[in-house]
Amino acid sequence: MSLSLELILRGEVKKLLDHFASVMKIQTVFFSADGAILQRGRDLSNCRYCRLVQENLGGPDVCFALDRSRQREAEAVRRPVCYHCHAGLREVMDPVFADGKNAGFIGFGQFRTEKKPPRLTDDPTLQARLDREFMKRPYFSEDELNDLLGLFAMLMDYIVARELVVWRGDRVWEQVRATIESSLDRPLKLSEVARRAGRSES
């Protein structure tokens, strides 16, 4: 039985993402399990540096492909993955598990841990523009990055512990309905329905 893993983001999650993005001056994004963007912190679009790279050195498909590959990696190891994007900024992808299943991902990034911009083009005018925008991104030392990751982990624990991430629709009902629909040609016992839904008969 396949159940929809699409997330409903409660208002408190949006507030948390907004505050985190604002204080850290970074981008935060909540993705569904299949990689679709559900919510951006403060509804911010990509930073000017990222837009400049996408407009001149490769479209958003390159970014989406990298995000998706890191999402799969994070899901496999069941913990955050920190990486450089193709434009040289740092990103973090963290899987969210609910009821033991991957419910989606929270990503944050568009910050730098390097003091010098990467060389991305042989065009001196474009490289100069990229350099200026890169240096405007928030900078974190390695120690500060570790603190940022620790703070983010606590935020994730809070979101999961408070059950601020829920499945679309009632998951138990979806399991019961799917069990009944798949068994219309035979007698069905309450014990079987309960077992498939992961609940007691009562």
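Preceding this section is the structure that the text describes.
Sequence positions are assigned chain by chain, starting from 1 and proceeding in written order. For this predicted model, a pLDDT threshold of at least 70 governs which residues receive local features, and a threshold of 80 or more governs which side-chain atom pairs are given and counted, while totals over whole chains, interfaces and linings are taken from all residues. The side-chain values count all of the structure's non-hydrogen atoms but skip hydrogen atoms and water molecules.

1. Details of the pairing of strand β2 (residues 27-32)
The condition is simple: Throughout this description, buried means an accessible area under 20% of the type-specific maximum (1.4 Å probe, protein chains only), exposed means over 50%, and partly exposed covers the range between. Note on conventions: DSSP H or I runs of at least 4 residues are helices, E runs of at least 2 residues are strands, and numbering of each starts at the N terminus. In this analysis, strands are considered paired if DSSP registers two or more bridges between them.
Across the six residues of β2, six count as buried, placing the element largely inside the fold. Across the two faces of β2 the burial is the same, with Q27, V29 and F31 and T28, F30 and S32 all buried. In this structure, β2 lies alongside strand β6 (residues 101-111), joined through six bridges in antiparallel fashion. Paired with F31 across the bridge in β6 is F105. Here β2 runs beside strand β3 (residues 37-40); their pairing, made up of three bridges, is antiparallel. Paired with F30 across the two strands is Q39, which belongs to β3. Linking two consecutive strands that pair antiparallel, namely β2 and β3, is a turn of four residues; a positive phi of about 95 degrees is found at G35 within it.

2. Some words on the pairing of strand β4 (residues 81-84)
Residues V81 and Y83 point to one face of β4 and are all buried, whereas C82 and H84, pointing to the other face, are not buried. Where β4 and strand β5 (residues 90-98) come together, four bridges link them in antiparallel fashion. The residue of β5 that forms the bridge with H84 is R90. Where β4 hands over to β5, the hairpin turn is made up of five residues, of which G88 adopts a positive phi near 100 degrees.

3. Considerations on the packing of aromatic side chains
So the rule is basically this: Paired rings are identified among Phe, Tyr and Trp, the last through its six-membered ring, by centres lying within 6.5 Å, and are further divided according to the angle between planes into stacked (under 30 degrees), edge-to-face (over 60) and tilted (the rest). Ring-over charges, as used throughout, are those where CZ of Arg or NZ of Lys falls within 6 Å of the ring centre and within 35 degrees of the ring normal.
With the rule as written, the count across this model stands at six aromatic pairs. Between the aromatic rings of F20 and F108, the centroid separation amounts to 5.7 Å while the plane-to-plane angle is 75 degrees, which identifies the pairing as edge-to-face. Residue F20 is located in helix α1 (residues 11-24), and its partner F108 is located in strand β6; the two are separated by 88 residues in the primary sequence. Residue classification places F108 among the buried residues on the basis of a relative accessible area of 1%. Ring plane angle 50 degrees and centroid distance 5.4 Å describe the contact between F20 and F152, whose orientation is recorded as tilted. Placement of F20 in helix α1 and of F152 in helix α5 (residues 142-161) is noted, with a sequence separation of 132 residues between them. In this pair, the class of F20 matches that of F152, namely buried. Lying over the aromatic face of Y83, R70 brings its terminal NZ or CZ to 5.4 Å of the ring centre. Directly above the ring of F97 sits R78, whose terminal nitrogen or CZ lies 3.8 Å from the centroid.

4. Considering the sheet that holds β4
Where we set the bar: For helices, the axis comes from a line fit to the C-alpha atoms of the stretch in contact; other axes are also lines fit to C-alpha atoms, and the angle between any two N-to-C directions lies between 0 and 180 degrees. In this description, contact between two residues means that some pair of their heavy atoms is separated by no more than 4.5 Å.
The sheet built from five strands is open, its strands ordered β3-β2-β6-β5-β4 with antiparallel pairing. Two strands in the sheet have a free side with no partner beyond their single neighbour: β3 and β4. Each strand axis lies, on average, 25 degrees off the axis of its neighbour in the sheet, ignoring direction. The sheet strands contacting helix α3 (residues 60-77) are β2, β4, β5 and β6, and the helix crosses β4 at an angle near 155 degrees.

5. What about the state of the cysteines?
For clarity, the threshold we go by: Cysteine sulfur atoms that come within 2.5 Å of each other are treated as a disulfide pair.
Evaluated as defined, the whole model comprises zero disulfides. No disulfide involves C47; its sulfur sits 3.5 Å from that of C50, the nearest cysteine. Under the relative-accessibility criterion, C47 is labelled buried at 8%.

6. Considering the pattern of salt bridges
Short version of the rule: Only one rule defines a salt bridge in this text: a Lys or Arg side-chain nitrogen within 4 Å of an Asp or Glu carboxyl oxygen.
Applying the stated criterion across every chain, the model contains six salt bridges. Among the ionic pairs, R48 bridges to E133, the shortest N-O distance being 3.4 Å. Taken together, the residues R48 in helix α2 (residues 48-57) and E133 in helix α4 (residues 124-136) connect sequence positions 85 residues apart. Take R48: its relative accessible area is 48%, and that puts it in the partly exposed class.

7. Re unusual backbone geometry
In the Ramachandran plot, K25 falls in the positive-phi region, its phi being about 55 degrees despite a non-glycine side chain. With phi around 60 degrees, R78 is a residue other than glycine that occupies positive phi space. Relative to the helices and strands, R78 resides in the loop between α3 and β4. The class of R78 is exposed, set by a relative accessible area of 51%.

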